[in-house]
Amino acid sequence: MSTSPAPLASTFAVIGAGRLGGVLAAALSAAGLTVQGPLRRGEQVASADIALLCVPDAEITAAARTARPHVAFIGHVSGATPLDDVDFSLHPLQTFTGDESPEVFHGIGCAVAGRTDEARAIAEALAEALGSRPFRVDDAHRAAYHAAASFASNLLLTTLDAAEQVARIAGIPPAQARALLAPLARQSVANWERSGAHAALTGPIARGDERTVTRQRDAIADARPDLLALFDALCAGTRDLAARDDRDDHGREGAA
Ligand SMILES: NC(=O)c1ccc[n+]([C@@H]2O[C@H](COP(=O)([O-])OP(=O)(O)OC[C@H]3O[C@@H](n4cnc5c(N)ncnc54)[C@H](OP(=O)(O)O)[C@@H]3O)[C@@H](O)[C@H]2O)c1
């Protein structure tokens, strides 16, 4: 173990062999870094300057305590967890199932934070080595940042899954529903990315056609009443979006 190593000349241990750990270890190796792991539970850090904890958030405290005697710096990859137990954090703003290639990091955002400038420089150097774009998020804003990521990924999937289930009412089987609805979802995301949600919004709520919304609601109430609460909540949010004055957005961006 050495102290204060130059970030990319350091040796790394990736701890945790789950969805992200394996992909991250492979990507760091592909970037030319010296990497041990991903280490499974119970496997020891042999020799490394820097440990990267890719364990569930609830395990970070214990895993950091185990790694601390063996390394100079410890980082985690959690979006929501503060830096209480680690020196830095590196949160790739992407979803990982474990099957991704190292290129998955190319061009994505990577939230970085550090308890010291030196520790944050490690996170920034790692993000850049992976081909991603580091941006800073401090502990005070971490929960809100992570909630934004949840809206864009986890909660989006809940909406897409509801679309797939409701398509079934219309006799469209799940695999076909995903194939048919995915281009619609992709175009919606592309339009949102380009111009924001208010400008991208189309459909009956944007047109003020509440009769059609009621007919949709009745069809769901008949066949899948368990999905009504989600439908109603999303319709309420979409009415707010349709009514929103675009100038509010510009005001908020200007004030941020
Ligand atoms: N997956 C994503 O899309 C994603 C994206 C960005 C950030 N992250 C972050 O990445 C971290 C890991 O998430 P994940 O999705 O990869 O979770 P995961 O698939 O559940 O994998 C966690 C791994 O950590 C292992 N583990 C648990 N405690 C350990 C310990 N004390 N020492 C060593 N290994 C231990 C688990 O082993 P056992 O099976 O033996 O418990 C499991 O293999 C989290 O902080 C998460 O916020 C994930």
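Residues numbered from 1 in each chain as written. Predicted model: local features only at pLDDT ≥ 70, side-chain atom pairs only at ≥ 80, totals over all residues.

## Thoughts on the overall build of the protein
- For the protein, the count of helices and strands is 11 helices and 7 strands.
- Along the longest, intermediate and shortest principal axes, the C-alpha atoms of the protein span 70 × 45 × 30 Å.
- When burial is assessed residue by residue, the protein has 25% of its 256 residues classed as buried.
- The contacts in the protein between residues at least 6 apart in sequence include a share of 55% that link residues at least 24 apart. (Helix = DSSP H or I, 4+ residues; strand = E, 2+ residues; numbered from the N terminus. Buried ≥ 20, exposed ≤ 12 C-beta atoms within 10 Å, placed from the backbone. Contact = placed C-beta atoms within 7 Å.)

## Points about the pairing of strand β4 (residues 73–76)
- With burial as the criterion, each face of β4 is covered, one bearing Phe73 and Gly75 and the other bearing Ile74 and His76.
- Here 4 bridges tie strand β3 (residues 50–53) to β4, and the two strands are oriented parallel to one another. Residue Ala51 lies in a different strand from β4, and its bridge partner there is Ile74.
- Crossover handedness for the path β3 to helix α2 (residues 60–67) to β4: right-handed. (Pairing = 2+ DSSP bridges. Right-handed = clockwise from strand over helix to strand, strands pointing away.)

## Digging into the site of the ligand
- Around the ligand, the structure places 23 residues, and the nearest of them are Gly16, Gly18, Arg19, Leu20 and Ser78.
- Elements represented by at least two residues in the shell around the ligand include exactly α1 (19–30), α2 and β5 (88–92).
- Split into classes, the residues belonging to the shell around the ligand amount to 11 nonpolar, 8 polar and 4 charged. (Near = placed C-beta within 6 Å. Nonpolar A, V, L, I, M, F, W, Y, C, P; charged D, E, K, R; others polar.)

## Regarding the sheet that holds β5
- Ordered in space as β2-β1-β3-β4-β5-β6-β7, the 7 strands form an open sheet in which the pairing is mixed. With partners counted over all chains shown, the strands left at the sheet margins are β2 (34–39) and β7 (133–136), one partner each. Put simply, the sheet's adjacent strands are angled 25 degrees from each other on average, direction ignored.
- Sheet analysis places strand β6 (residues 109–114) next to β7, joined by 4 bridges and oriented parallel. Across the sheet, Ala111 pairs through a bridge with Phe135, a residue of β7. (Axes fitted to C-alpha atoms, helices over the stretch in contact; angles between N-to-C directions.)

## Let's talk about the domain arrangement of the protein
- Its domain assignment divides the protein into domain 1 (7–139) and domain 2 (153–255).
- Here the C-alpha centre of domain 2 lies 35 Å away from the C-alpha centre of domain 1. (Domains from an automatic or database assignment.)

## A closer look at the packing of helix α9 (residues 210–223) against helix α10 (residues 228–243)
- Two numbers describe how α9 lies on α10: the axes approach to 10 Å, and their chain directions differ by 160 degrees. What the angle tells us is that α9 and α10 run roughly antiparallel. Considering only the axes of α9 and α10, their crossing is right-handed. Contacts between α9 and α10 involve Val213, Arg217, Ile220 and Ala221 from the former and Leu228, Phe231 and Cys235 from the latter.
- Looking at the contact of α9 with α10 residue by residue, the class counts come to 6 nonpolar, no polar and 1 charged. (Parallel < 35°, antiparallel > 145°, perpendicular 65-115°, else oblique. Left-handed = near helix turned anticlockwise from the far one by under 90°.)

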